[in-house]
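Geometric and topological summary
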Amino acid sequence: MAGFQDIIGQEQIKEHLRNALSSGKVSHAYIINGEKSSGKEFIAKVFSMALQCEKDGEKPCQECASCKKALSGNHPDIIHVTHEKPNTISVDDIRTQVNATVAIKPYGAGRKVYIVGEAEKMNVAAQNALLKTLEEPPEYVVILLLTSNVSALLPTIVSRSVVLNMKPVSDDAVKDYLCRQLQIPDYQAEVCAAFARGNIGKAKTLASSEDFEKIKAEALSLLKYIQDMDFAEIVAAVKKITEYKLEINDYLDICAIWYRDALLFKATNDVNHLIFREELQALRRTAQRSSYEGIENIIAALDTAKKRLDSNVNFELVMELLMLTIQENSGGEKCGRPNL
């Protein structure tokens with residue numbers, strides 16, 4: 001289904017778009033700004049379908065001929081702007097797919113909607129070409145710019161658009177969605193919600209990812225026994241990490257949440273708010289063997305490792321240093337530290 005009621009969270013955006021539809025005061029341009037996989041494309045799909053809906057009352061009805069065309073991806077008046085170059089939307093892309101066709105009236109009785117995904121990839125020439133349409137748009141044209149970085153767009157484009165900023169979805173709403181829609185177990189849904197940090201698309205990806213389950217199991221296995229490993233075993237563990245397809249940040253997030261759980265348990269002895277409460281015995285050992293300062297040092301080291309990897313510091317060196325820092329602050333024996 002693809003109605004406003006199917007959008008998880010984003011209440012302000014839903015209210016704004018519904019009011020625009022009911023009042024007839026629809027802008028010629030909207031910027032939907034939010035991180036990758038946060039649901040921008042789904043919101044654009046629902047809104048564009050509602051703009052074309054032929055029935056009175058709550059839109060989109062999802063039943064009229066126009067809605068059915070939109071749901072099948074074959075609506076002639078909903079145009080998805082594409083680009084061949086993976087990292088650039090060129091001036092030719094905008095000229096041929098937008099500027100050259102805006103003067104052609106809609107095939108149906110509704111509007112003509114252009115959806116530009118990854119709009120931050122428009123180069124300056126492409127943005128200037130789009131600006132010409134935004135300055136004097138035909139009455140029936142609506143342009144939806146979907147971006148993960150609104151600051152990459154020209155101020156003149158932003159000023160002519162209504163900017164709608166996505167907000168993180170609550171963990172409870174994400175967990176409820178995963179349990180209800182994907183029928184995944186409660187514990188798995190809670191773990192995925194914790195890692196997704198309010199990003200519904202990422203939560204769905206994690207919930208159905210075999211890689212995520214493998215990397216979680218591998219990370220937890222390492223963290224349970226790292227205090228007793230020698231340097232050769234740590235090097236082997238680092239090499240193992242590179243076998244997984246998920247971003248290294250996901251691996252580091254797993255480690256960070258493990259130690260936040262350990263810190264919370266050490267401070268409160270309460271299991272109710274732990275993400276990894278099914279690993280209570282191992283978490284208790286981690287909490288008992290590590291000092292408060294040690295756990296805080298590990299959490300800080302994980303954040304530092306992320307920043308170093310973002311700066312393209314050597315992967316194996318960063319990870320070896322991180323694992324040794326974890327070991328030293330987990331009550332383990334020091335086994336030699338590489339220099340960074």
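Provided above is the structure to which this section pertains.
Thresholds, definitions, all that
Residues numbered from 1 in each chain as written. Predicted model: local features only at pLDDT ≥ 70, side-chain atom pairs only at ≥ 80, totals over all residues. Heavy atoms only, no water. Helix = DSSP H or I, 4+ residues; strand = E, 2+ residues; numbered from the N terminus. Expected span 1.5 Å × (residues − 1). Buried < 20%, exposed > 50% of the residue type's maximum accessible area, 1.4 Å probe, protein only. Contact = heavy atoms within 4.5 Å. Salt bridge = Lys/Arg side-chain N within 4 Å of Asp/Glu carboxyl O. Pairing = 2+ DSSP bridges. Right-handed = clockwise from strand over helix to strand, strands pointing away. Axes fitted to C-alpha atoms, helices over the stretch in contact; angles between N-to-C directions. Phe/Tyr/Trp six-rings, centres within 6.5 Å; stacked < 30°, edge-to-face > 60°. Lys NZ or Arg CZ within 6 Å of the ring centre and 35° of its normal.

Things to note about helix H2 (residues 40-52)
Relative to the 18 Å expected for 13 residues at 1.5 Å per residue, H2 spans 19 Å between its end C-alpha atoms, a close match to the ideal helical length. A large share of H2 lies buried, amounting to 10 of its 13 residues. Three or more residues of H2 are buried, namely Lys40, Ile43, Ala44, Val46, Phe47, Ser48, Met49, Ala50, Leu51 and Gln52.

Overview of the environment of Ser148
With respect to the helices and strands, Ser148 occurs in the loop between strand E4 (141-147) and helix H6 (155-159). Among the residues examined, Ser148 registers a relative accessible area of 38% and is labelled partly exposed. Separated by 116 residues in the primary sequence, Ser148 and Ile32 have C-alpha atoms spaced 8.4 Å apart. Once residues lying within four places of it in the same chain are set aside, the contact partners of Ser148 are Asn33, Gly34, Glu35, Lys36, Lys40 and Glu120.

A word on the pattern of salt bridges
Summed over the entire model, instances satisfying the criterion amount to 13 salt bridges. Note that Glu11 is salt-bridged to Lys14, the shortest N-O span being 3.2 Å. Note that Glu11 and Lys14 are positioned in helix H1 (residues 11-23) at a spacing of three residues, about one turn of the helix. Of the residues examined, Glu11 reaches a relative accessible area of 54% and is grouped as exposed. Of the charged contacts, one joins Arg18 and Glu58 as a salt bridge, the two residues approaching to 3.2 Å between their closest N and O atoms. Here Glu58 lies in the loop between H2 and helix H3 (65-72) and Arg18 lies in helix H1, a separation of 40 residues in the sequence. Members of the salt-bridge network, linked through shared partners, are Lys175, Asp186, Glu190 and Arg277.

Overview of the pairing of strand E3 (residues 112-116)
Counting buried positions over the five residues of E3 gives five, a clear majority of the element. Residues Lys112, Tyr114 and Val116 of E3 are buried on one face, and the alternating residues Val113 and Ile115, pointing to the opposite face, are buried as well. In this sheet, E3 lies alongside strand E2 (residues 78-81) in parallel orientation, the contact comprising four bridges. The residue bridging Ile78 from the neighbouring strand is Val113, located in E3. Handedness of the crossover is the feature at issue here: the chain leaves E2, passes through helix H4 (residues 91-99), returns alongside E3, and the resulting connection is right-handed. The pairing of E3 with E4 spans five bridges and is parallel. By the bridge assignment, Val116 is partnered in E4 with Leu145. In this region the chain leaves E3, passes through helix H5 (residues 124-135) and returns to the parallel neighbour E4; the handedness of that crossover is right-handed.

Thoughts on the sheet that holds E3
With parallel pairing, the five strands of this open sheet are ordered in space as E2-E3-E4-E1-E5. Edge positions in the sheet fall to E2 and strand E5 (162-165), since each has one partner strand and no second. Looking at each pair of strands side by side, their axes are set apart by 20° on average, direction ignored. Those strands touched by H4 are E2 and E3, and its axis lies near 175° from that of E2.

Details of the packing of aromatic side chains
One pass over the full model with this rule turns up two aromatic pairs. For the pair Tyr30 and Phe47, a centre-to-centre distance of 5.3 Å together with 80° between the ring planes defines the contact as edge-to-face. Of this pair, Tyr30 sits in strand E1 (residues 29-33) while Phe47 is found in helix H2, placing the two residues 17 residues apart along the sequence. Arranged with centres 5.9 Å apart and planes meeting at 50°, the rings of Trp258 and Phe276 form a pair that is tilted. One end of the pair, Trp258, is in helix H12 (residues 248-268); the other, Phe276, is in the loop between H12 and helix H13 (280-289), and 18 residues separate them in sequence. The burial state of Trp258 is the same as that of Phe276; both residues are buried. Above the face of the Tyr292 ring, Lys266 is positioned so that its terminal group lies 5.4 Å from the ring centre.

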